[in-house]
There are 2 protein chains.
Amino acid sequence: MSDFVRIVEVGPRDGLQNEPAMVATADKIELVDRLSATGLRSIEATSFVSPKWVPQLADAAEVMAGIQRRPGVAYPVLVPNEQGYERARAAGADEVAVFTAASEAFNRRNTNASIDESIERFAPVLARARQDGVRVRGYVSTVLGCPYQGAVPLADVVRVARRLHDLGCYEVSLGDTIGVGTPRQARDMLLAVAAEVPMAALAVHFHDTWGQAVANVAACVEAGVRVADSAVAGTGGCPYAKGASGNVASEDLVYMLHGMGIDTGIELEALADTGRWLAAKLGRATGSKVGRALAAA
Amino acid sequence: MSDFVRIVEVGPRDGLQNEPAMVATADKIELVDRLSATGLRSIEATSFVSPKWVPQLADAAEVMAGIQRRPGVAYPVLVPNEQGYERARAAGADEVAVFTAASEAFNRRNTNASIDESIERFAPVLARARQDGVRVRGYVSTVLGCPYQGAVPLADVVRVARRLHDLGCYEVSLGDTIGVGTPRQARDMLLAVAAEVPMAALAVHFHDTWGQAVANVAACVEAGVRVADSAVAGTGGCPYAKGASGNVASEDLVYMLHGMGIDTGIELEALADTGRWLAAKLGRATGSKVGRALAAA
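Residues numbered from 1 in each chain as written. Chains lettered and ligands numbered in written order. Predicted model: local features only at pLDDT ≥ 70, side-chain atom pairs only at ≥ 80, totals over all residues. Heavy atoms only, no water.

Novice: Can you walk me through unusual backbone geometry in this structure?
Specialist: Note on backbone geometry: most residues besides glycine have negative phi, and most peptide bonds are trans. Residue and element names in this part refer to chain A. Its identity is not glycine, yet Ala 233 carries a phi of approximately 70°, on the positive side. Within the secondary structure layout, Ala 233 lies in the loop between β9 (227–230) and α10 (250–259). Residue classification places Ala 233 among the buried residues on the basis of a relative accessible area of 1%. (Helix = DSSP H or I, 4+ residues; strand = E, 2+ residues; numbered from the N terminus. Buried < 20%, exposed > 50% of the residue type's maximum accessible area, 1.4 Å probe, protein only.)

What follows is the structure, given as structure tokens:
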């Protein structure tokens, strides 16, 4: 059996929520269905954060009602608190994701709460999810740097990741939200967390703001991680805009992993087709170099 | 003493020769001078290949006459044969670079010669350079794949690299011309060559067509290489064009290396400024993500 890395496709949520062009509900549904047809096993479908904060994803319930649930594919949705959890469950979600940051300054600016307070907000979500048999994924953001406080102590990343795991998150995704990390920092951060949380319960999540995301995933895969988050077409910020902060493109990761002899279960050409289709809906070129190279081939 | 990687800046040659927009001679001279002011130690200044093949660099002699030679900086120029060597020397070059490919098919298509014939063409260059005290760099292209023959046997890469080193090249640059390689392939290729040519005499040269270049350099640096070729602003193909095939951006490599605790002697902000200045001359945005991120900061 060959080595396997699971890609968690976050384009429909983390990607779209940061795109300026509004996407029609029917297109979001088609996006998720196209993605599930490529062989992806995990697709973050939408967010139940308040539409006040994320207008792009105000149609979360409609998206959940419209997608075709493919057997063997998980469709986690983001929830900020118990109210969001209830809305997600009413919409049929059977996996959710909660989030906090490793940086106190980032938490205060983004959620008007300390790290501990943000965890208190979603602790009831974890309790209810356990009763309901709902799996919960946890995000830790700003693991390699914070736009407000700068450096983020490794001990804070480890402490927050461990707390999420102890609270019942089956997987903790370690996110370089502002895309500043480089390969050795990424590997060292991962290994520090893996000393306290099993590697099999960890995922990495890189943005490509400083052009390091593919290299960072490579370094983390070599260090043992087997789950990586990414967004088709590198959505999450226009690649041509100043200071764009898109997620690493799923196509570029899948190409790399297959080239490294690692299976993903994903059909690369179908994924790249979906990326170009989505980019056209967003009115721009795909942010995936693999997507462009395949189109030219 | 901290670890050091030498960047060989190939933007003025490998970058510009593949850019559709013609650049004025005065701008090329300013480009080289701006680059030497950033702390770069090696700048490939131009090419003495026939202007019939590379119209963009028809002003090679004027460029060489116009640049300011900064002490401690090498300004290699590309030469295809003895006639090119004579023109380069007449223009004041004191370092040259010769080139061949690891793929027979690529050599035949690009130079109408076999690998052995292409080496025979520049063997006299190496003999004359030895007499003249001129240092010679050697390029081996298509080391991880060929657009015509597909896979390139590792044994061919090793054989050609060793031949260039045996003939007197002080450094052999291993080029993934079509940017198809992934990190483990890149590392394995480097280590196979390093078994026959000293690692200290090797450089890596990646194009970012498939989004893998930064990751490939990281893998090769971890495997021991200490010289990497790159082009400021990721020149060598418009990043927005279909199937663009730019060199890896120097800014993105320098950012990565500094983040890995490795010195380059280069001032990143000055390099990124130069990249944006060049991109403006080319009528497009910089192909460097670091260049864009710094502009937005």
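Novice: Help me understand the interface of chain A and chain B, please; the structure alone is not making it clear to me.
Specialist: Bring the parts together and some accessible area is lost; that lost area is often taken as the interface size. With 33 residues of chain A in contact, the opposing surface of chain B contributes 33 residues. Each partner contributes to the roughly 3000 Å² buried at the junction of chain A and chain B, and carbon and sulfur atoms together form 58% of this total. Looking at the side of chain A facing chain B, the largest losses of area belong to Arg 184, Trp 210 and Tyr 255 of chain A, adding up to 24% of the total buried there. Joining chain A to chain B, the criterion identifies 6 salt bridges. For Glu 222 of chain A, the salt bridge goes to Arg 187 of chain B, with nearest N and O atoms at 3.9 Å. At the boundary of chain A with chain B, the tally comes to 14 residue pairs in polar contact (both at pLDDT 80 or more). Those elements that provide at least two residues to the side of chain A that touches chain B are α8 (183–194), α9 (213–222), α10 and α12 (289–296) of chain A. Residue contributions to the side of chain A that touches chain B peak at 7 residues, all from α12 of chain A. Looking at the side of chain A that touches chain B residue by residue, the class counts come to 18 nonpolar, 7 polar and 8 charged. (Contact = heavy atoms within 4.5 Å. Buried area = accessible area lost by both parts, 1.4 Å probe. Salt bridge = Lys/Arg side-chain N within 4 Å of Asp/Glu carboxyl O. Polar contact = N/O pair within 3.5 Å; in protein donor to acceptor, adjacent residues only side chain to side chain. Nonpolar A, V, L, I, M, F, W, Y, C, P; charged D, E, K, R; others polar.)

Novice: I tried to follow the relation of the copies chain A and chain B on my own but got confused; where do I start?
Specialist: One copy of the chain maps onto the other through a rotation about an axis followed by a shift along the same axis. Overlaying chain A with chain B gives an RMSD of 0.0 Å, the required rotation being 180° about an axis along which the chain moves by 0.0 Å. Put plainly, the chains are arranged around a two-fold axis. Looking at the rotation axis and the C-alpha trace of chain A, the residue lying nearest is Ala 215 of chain A, at 1.9 Å. The overlap is high: 100% of the interface residues of chain A also sit at the interface in chain B, so the same surface is used on both sides. (Least-squares fit on C-alpha atoms with pLDDT ≥ 70 in both.)

Novice: Explanation requested: the packing of helix α11 (residues 268–282) of chain B against helix α12 (residues 289–296) of chain B in the structure shown.
Specialist: Two packed helices can be described by the angle between their axes and the distance between those axes. Residue and element names in this part refer to chain B. With their axes 9 Å apart at the nearest point, α11 and α12 run at an angle of 100° to one another. Judged by the inter-axis angle, α11 sits roughly perpendicular to α12. Across from Leu 268, Glu 269, Ala 272 and Arg 276 in α11, the residues of α12 making contact are Val 290, Gly 291, Leu 294 and Ala 295. Partitioning the contact of α11 with α12 into residue classes produces 5 nonpolar, 1 polar and 2 charged. (Axes fitted to C-alpha atoms, helices over the stretch in contact; angles between N-to-C directions. Parallel < 35°, antiparallel > 145°, perpendicular 65-115°, else oblique.)

Novice: Explanation requested: helix α5 (residues 104–111) of chain B in the structure shown.
Specialist: For an α-helix, 3.6 residues make a turn, and residues three or four places apart therefore share a direction. Capping of α5 of chain B at its N-terminal end is provided by Ser 103 of chain B; its side-chain oxygen lies 3.3 Å from the backbone amide nitrogen of Ala 105 of chain B. Two residues or fewer after α5 of chain B comes Asn 112 of chain B, characterised by a positive phi angle close to 55°.

Novice: Is there a simple way to explain the pattern of salt bridges in this structure?
Specialist: It is possible for side chains of opposite charge to pair when their charged atoms get near one another. Tallied over the full model, the rule gives 46 salt bridges over all chains. A salt bridge links Asp 188 of chain A to Arg 187 of chain A, with the shortest nitrogen-to-oxygen separation between them at 3.4 Å. Taking the relative accessible area as the measure of exposure, Asp 188 of chain A reaches 39% and is therefore partly exposed. Between Glu 171 of chain B and Arg 137 of chain B there is a salt bridge, with its nearest N and O atoms 2.8 Å apart. Here Arg 137 of chain B lies in strand β6 (residues 135–141) and Glu 171 of chain B lies in strand β7 (residues 171–176), a separation of 34 residues in the sequence. Look at Glu 171 of chain B and you get buried, because its relative accessible area is 2%.

Novice: What exactly am I supposed to notice about the environment of Cys 220 of chain B here?
Specialist: Residues and elements named next belong to chain B. Here Cys 220 lies in helix α9 (residues 213–222). Given the relative accessible area of 0%, Cys 220 is considered buried. Distance in space between the C-alpha atoms of Cys 220 and Leu 191 is 8.6 Å, their sequence separation being 29 residues. With residues up to four places along the chain from it excluded, the contact list for Cys 220 reads Ala 186, Arg 187, Leu 190, Val 204, Phe 206 and Val 225.

Novice: What am I meant to see in the packing of aromatic side chains here?
Specialist: In this description, a pair of aromatic rings is defined by centroid distance and the angle of the planes. Tallying each qualifying case throughout the model produces 4 aromatic pairs over all chains. Note on Trp 210 of chain A and Tyr 255 of chain B: the rings are 4.8 Å apart at their centroids and 20° apart in plane angle, and the pair reads as stacked. Separated into two different chains, Trp 210 of chain A in the loop between β8 (202–206) and α9 and Tyr 255 of chain B in helix α10 (residues 250–259) make up a pair that spans both. The burial state of Trp 210 of chain A is the same as that of Tyr 255 of chain B; both residues are buried. Stacked on the ring of Tyr 170 of chain A, the Lys or Arg Arg 135 of chain A has its end atom at 3.8 Å from the ring centre. (Phe/Tyr/Trp six-rings, centres within 6.5 Å; stacked < 30°, edge-to-face > 60°. Lys NZ or Arg CZ within 6 Å of the ring centre and 35° of its normal.)

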